[in-house]
Amino acid sequence: MENMALQGKIPSILVIDMVKDYFDPGRRLKITPLAKDIIGPIRELTSAFRQHGWPVIFATDAFKEDDFIFTGRMKPEALEGTEGAEVIDELERKPEDLWLPKPRFSAFFQTGLERYLRERDVTLCAVTGIATPVCVLTTALDAICYDFHCVIVSDCTAATSIKVHQDTLNLYRNTALFPLLKVCSEAELRADLGII
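A quick note: this is a predicted structure, and the numbers were derived from the prediction, not measured.

Student: Would you mind going over unusual backbone geometry with me for this structure?
Tutor: Of all residues except glycine, most have a negative phi; of all peptide bonds, most are trans. Omega for the bond connecting Ile130 with Ala131 falls within 30 degrees of zero, at -15°, which places this linkage in the cis form. Tracing the backbone through its elements, the reader meets Ala131 in the loop between β4 (124-130) and α4 (132-145). Cis geometry is found at the peptide bond from Phe178 to Pro179, where omega equals 5°. Of note in this structure, Gln110 is not a glycine but carries a positive phi near 55°. Locating Gln110 in the fold gives a position in the loop between β3 (98-102) and α3 (113-119). Owing to a relative accessible area of 65%, Gln110 belongs among the exposed residues under this scheme. The residue Asp121 is not glycine, and still its phi comes out positive at about 60°. Relative to the helices and strands, Asp121 resides in the loop between α3 and β4.

Okay, here's the thing in C-alpha cells:
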C-alpha cells in the first residue's frame, strides 16, 4: 500500500454511532456481533489520541421519534434523549471528549463539528465506528467536502456483514481522492502518525 505521510497533520478521532441501542441483544441486529469486535481497538486508539492531546469525538445518532428517516423501512432507534442513544460504557468516554449527538448520518450535518475542528487546528479526521457503508462513509466524505484529510480505519469500523464492510472499503481504497481520503488499519494509522 502506498504510504501517506500523516506526520505534521493534527488529527482527531471520530467514533461514530457506538450507542447502546445498537448493542442491545434484545434488538437482534446483524451488526451487533461485528460491532462488538471493534470496541477494544477503538478504545485503544482513543486512548492513544488522548495521550497526545488530540481531540476524541463521539458522534452518535440522536433521531427524533417522528423523524423523516423513519417513514421508510428504518425503524425508530437511537432516539434523542434516550439511554439507547448514549455511548456504550465499554468505550470509556472521558469528560474531555466531545459527545456530539447528530440528527442524521454524517457527523458534520447540523452539529457544528467543522467549527469545533477548525478551532483546534485539526487537519485530519480518523473515522471509526458503525456502520461502514452509511454513517462512517458519509462522515468521511463530508470531511473531504470540508477540506479535512480523512482516514477510514478499516479494523475499527464494521457493517452488517464482513462482505458489506469489505466491499465498501474496497470502493475507497484507491480512488482519485487518495491520499486525501485513505483506508488503512489501526496499525498503519499509528505508524503514519508516529504513535506506534
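The structure having been displayed, the exposition proceeds.
Student: Looking at this structure, I do not really get the pairing of strand β2 (residues 56-61). What am I missing?
Tutor: Each regular strand shows side chains that alternate between the opposite faces of the sheet. Most of β2 sits inside the fold, with six of its six residues counted as buried. In this structure, strand β1 (residues 11-16) lies alongside β2, joined through four bridges in parallel fashion. Residue pairing in the sheet places Val15 in a bridge with Phe58 of β2. Relative to β3, β2 runs parallel, the two being bridged by five bridges. Considered in β3, the bridge of Ile57 is made with Leu98.

Student: When you look at the layout of surface pockets in this model, what are you seeing that I'm missing?
Tutor: By rolling a water-sized probe across the atoms, one finds the places where empty space is left. Each pocket or cavity is described by its volume, and for the largest pocket that value is around 530 Å³. Around the largest pocket, the lining is made up of 20 residues, and of these Tyr22, Met74, Glu77, Ala131 and Thr160 lie nearest the centre. For the lining of the largest pocket, the element with the most residues is α4, which contributes three residues. For the lining of the largest pocket, a count of residues per class yields 13 nonpolar, one polar and six charged.

Student: Please clarify how the sheet that holds β2 should be interpreted in this entry.
Tutor: Spatially, the six strands line up as an open sheet ordered β3-β2-β1-β4-β5-β6, and their pairing is parallel. Pairing within the sheet leaves two strands with one partner each, and these edge strands are β3 and β6 (181-184). Strand-to-strand twist in this sheet, taken as the mean axis angle between neighbours without regard to direction, amounts to 25°. Contacting β5 (149-158) and β6, helix α5 (residues 162-171) runs over the sheet at an angle of about 165° to β5. Here helix α6 (residues 186-193) sits on the sheet in contact with β1, β4, β5 and β6, set at roughly 145° to β5.

Student: Quick question: what am I supposed to make of the packing of aromatic side chains here?
Tutor: The geometry of two aromatic rings is summed up by the distance between their centres and the angle between their planes. Counted according to the given criterion, the structure contains four aromatic pairs. Where Phe49 meets Trp54, the ring centres are 5.2 Å apart and the plane angle is 75°; that geometry is what we call edge-to-face. Of the two residues examined, Phe49 and Trp54, each falls in the buried class. Between Phe108 and Tyr146 the ring centres are 5.3 Å apart and the planes differ by 20°, which places this aromatic pair in the stacked class.

Student: I tried to follow the nonpolar core on my own but got confused; where do I start?
Tutor: Within soluble globular proteins, side chains that are nonpolar tend to cluster in buried spots. If you look at the biggest cluster of nonpolar residues, it comprises 38 residues, and the most contacted ones within it are Met18, Phe49, Leu91, Ile130 and Leu189. Secondary structure elements with two or more residues in this core: β1, α1 (31-36), α2 (39-51), β2, β4, β5 and α6. No other element matches the five residues that α2 contributes to this core. If we skip the residues at most four places from it in the chain, Phe49 touches Pro11, Ser12, Ile13, Trp54, Pro55, Val56, Ala126, Leu193 and Ile195. Of all hydrophobic cores here, the second largest spans 25 residues; its members include Leu113, Val136, Ala140 and Cys150.

Procedures and definitions
Residues numbered from 1 in each chain as written. Predicted model: local features only at pLDDT ≥ 70, side-chain atom pairs only at ≥ 80, totals over all residues. Heavy atoms only, no water. Helix = DSSP H or I, 4+ residues; strand = E, 2+ residues; numbered from the N terminus. Buried < 20%, exposed > 50% of the residue type's maximum accessible area, 1.4 Å probe, protein only. Pairing = 2+ DSSP bridges. 1 Å grid on protein atoms, 1.4 Å probe; cavity = no way out; pocket = protein on both sides within 12 Å on 5 of 7 lines; lining within 4 Å. Points joined across faces, edges and corners; volume = space filled by probe spheres on them. Nonpolar A, V, L, I, M, F, W, Y, C, P; charged D, E, K, R; others polar. Axes fitted to C-alpha atoms, helices over the stretch in contact; angles between N-to-C directions. Contact = heavy atoms within 4.5 Å. Phe/Tyr/Trp six-rings, centres within 6.5 Å; stacked < 30°, edge-to-face > 60°. Core = buried A, V, L, I, M, F, W, Y, C linked by side-chain atoms within 4.5 Å.

Honestly, it's all geometry; don't read function into it.
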